[in-house]
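# Architecture and fold: a report
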Amino acid sequence: MNSCRKFVCSDWSSGLNTVFSRVTQRTNCRRAPGTAPSLSRGQSTAPKQAPGTDTGEKPRLRAIDLARKVQQERERPAAAEPPVSAQQKRVTELKRFSLQLQKVHPNVLAKHLHRSVLYQDKDVVVINKPYGVPVRDDSVVTSISSVLPVLSKMMYGMKMKSYSELLPCLGLEKEAAGALLLARREEVVEHILSLHRNNQVQRKYWVITVGVPVPSEGVIDIPIIEREVTGSQPHYKMALSPIFKMNDAGDGVTKVRAHRQAHPAVTKYRVLDSSSGCSLVELQPFTGVKHQMRVHMAFALGCPLLGDHKYSHWSKLAPQKLPDRVLGKLGLEQSKIRYLPLHLLAQQLTLPGSSQADISVSCPLPKYFSQTLNRLQLTPPNKKD
């Protein structure tokens, strides 16, 4: 019986081996030539995994590998950039300049103002206001008023007392740059405003105009009123409201009744230098009407300020139109002229001091202002021989 079982088992085992060998031979015959032989049961095609890792996830990038990759990117030669023309470089510079201090953190603006203090005493502080930053609160960009508490702490220390606050006295337009007067107490503000109403505060501005005023110096005494401009783009502008007009014969002037909504406006002007169809003009306003100097120069003398895109036209809203000669000097095309900033600088501020000596502060020329003077070959008085 046992021998019978052994025979059956051995016979069945030999038959199974025969079948297995035939299957293996068929598989080897079907394999493409040149392929690797099949692996045995103890071999594996999967790469070895580190202990404790999941075979279903990708291996993580090590810090040393990341550092090597960054180093290789740095050492890789930079692609050759297309050449930039002088005009494109100029436009890029103007774009960057117009946004340099707008929408910045208040601490950044306060640090900039702290470095630009021109004068200070126990009553007032004079700072060099940068272009494009509003004095009063503005919902779009950071204003100077909003950072004055931070500026006070930088000037007087973190233990600031209540009487060490800074308050704006005489404002400047957002597009203007130069000397800005701040007071340290409310009573000082009232005192300076009283001096200003009595024309005891002297403010002189330097502007660059398109055109040469004739005569070269004089006083413009024409009231200003705000009017609506109708058309495809309705808007409001400040305009002249003269109290004199030519008579019917055309050989004289007659006085007319002043408009009740018009504001008296008086501006003294003096041409400092002229070249290339433009002028460097000193302005001294005796009144403080909105946009007074811009309106008087554009509509009374026909010489708008360079970069004044609002008052270079009356009936439309468009960038300032410049002569080809001026465009060539500035290195700009008319299509890019909208990036040109308004050239209006509060250059000098003089007011009576607490003692007998007056306080007189002069503001250095901003870089963009100096560059334009050089391009137009205009020379300030302090640089003339």
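Residues numbered from 1 in each chain as written. Predicted model: local features only at pLDDT ≥ 70, side-chain atom pairs only at ≥ 80, totals over all residues. Heavy atoms only, no water.

### What to know about the overall build of the chain
Across its full length, the chain holds nine helices and 14 strands. Here the chain, with 385 residues, has 36% of them falling under the buried criterion. When contacts within the chain are restricted to residue pairs at least 6 apart in sequence, long-range pairs at least 24 apart make up 62% of them. For the chain, the exposed surface amounts to about 24,400 Å²; the carbon and sulfur share of it is 52%. (Helix = DSSP H or I, 4+ residues; strand = E, 2+ residues; numbered from the N terminus. Buried < 20%, exposed > 50% of the residue type's maximum accessible area, 1.4 Å probe, protein only. Contact = heavy atoms within 4.5 Å. Areas by Shrake-Rupley, 256 points an atom, 1.4 Å probe, with all protein chains shown as cover.)

### Overview of the packing of aromatic side chains
Summed over all chains, the structure comprises four aromatic pairs. Centroid distance Phe-299 to Tyr-311: 6.0 Å. Interplanar angle 75 degrees. Geometry classified as edge-to-face. Here Tyr-311 lies in the loop between α7 (292-300) and α8 (324-330) and Phe-299 lies in helix α7, a separation of 12 residues in the sequence. By relative accessible area, which is 29% here, Phe-299 ends up partly exposed. Each ring, one from Phe-299 and one from Trp-314, has its centre 5.8 Å from the other, and the planes form 80 degrees; the classification is edge-to-face. Linking Phe-299 in helix α7 with Trp-314 in the loop between α7 and α8, this pair joins segments that are 15 residues apart in sequence. Among the aromatic residues, those joined into a cluster by ring pairs are Tyr-131, Tyr-368 and Phe-369. (Phe/Tyr/Trp six-rings, centres within 6.5 Å; stacked < 30°, edge-to-face > 60°.)

### Things to note about a nonpolar patch on the surface
A contiguous nonpolar surface patch, about 320 Å² in accessible area, is contributed by Phe-244, Met-246 and Val-253. Looking at the secondary structure, you find Val-253 in strand β10 (residues 253-255). (Patch = residues over 30% accessible without salt bridge, like charges linked within 9 Å, V, L, I, M, F, W, Y side chains within 5 Å. Salt bridge = Lys/Arg side-chain N within 4 Å of Asp/Glu carboxyl O.)

### Overview of the environment of Ile-220
Mapping Ile-220 onto the fold places it in strand β6 (residues 217-221). When its relative accessible area of 6% is taken as the criterion, Ile-220 is described as buried. Here the alpha-carbon distance between Ile-220 and Val-266, two residues 46 residues apart in the chain, equals 5.6 Å. Once residues within four sequence positions are removed from consideration, Ile-220 is found in contact with Ala-265, Val-266, Thr-267, Tyr-269, His-296, Ala-300 and Leu-301.

### A few points about helix α6 (residues 186-197)
Its 12 residues place the ends of α6 17 Å apart at the C-alpha level, agreeing with the 16 Å of an ideal helix rising 1.5 Å per residue. Where α6 is concerned, the buried positions are Val-188, Val-189, Ile-192 and Leu-195. Angular distribution of buried residues about the axis of α6 spans 125 degrees; they occupy a single face of the element. Buried residues along α6 sit in contact with β2 (124-129), β3 (167-170), β4 (177-183) and β13 (344-352). Trailing α6 by a residue or two, Asn-199 shows a phi angle of about 55 degrees, which is positive. (Expected span 1.5 Å × (residues − 1). Arc of directions from axis to C-beta.)

### Here we look at unusual backbone geometry
With omega at 0 degrees, the peptide bond leading from Val-214 into Pro-215 counts as cis. Looking at where Pro-215 falls in the secondary structure, it is placed in the loop between β5 (202-210) and β6. Phi at Asn-199 is positive, roughly 55 degrees, even though this residue is not glycine. Along the chain, the position of Asn-199 falls in the loop between α6 and β5. Assessed through its relative accessible area of 48%, Asn-199 is described here as partly exposed. With a phi angle near 60 degrees, Gln-377 is a residue other than glycine that sits in the positive phi range. Take Gln-377: it is sitting in the segment after α9 (367-376).

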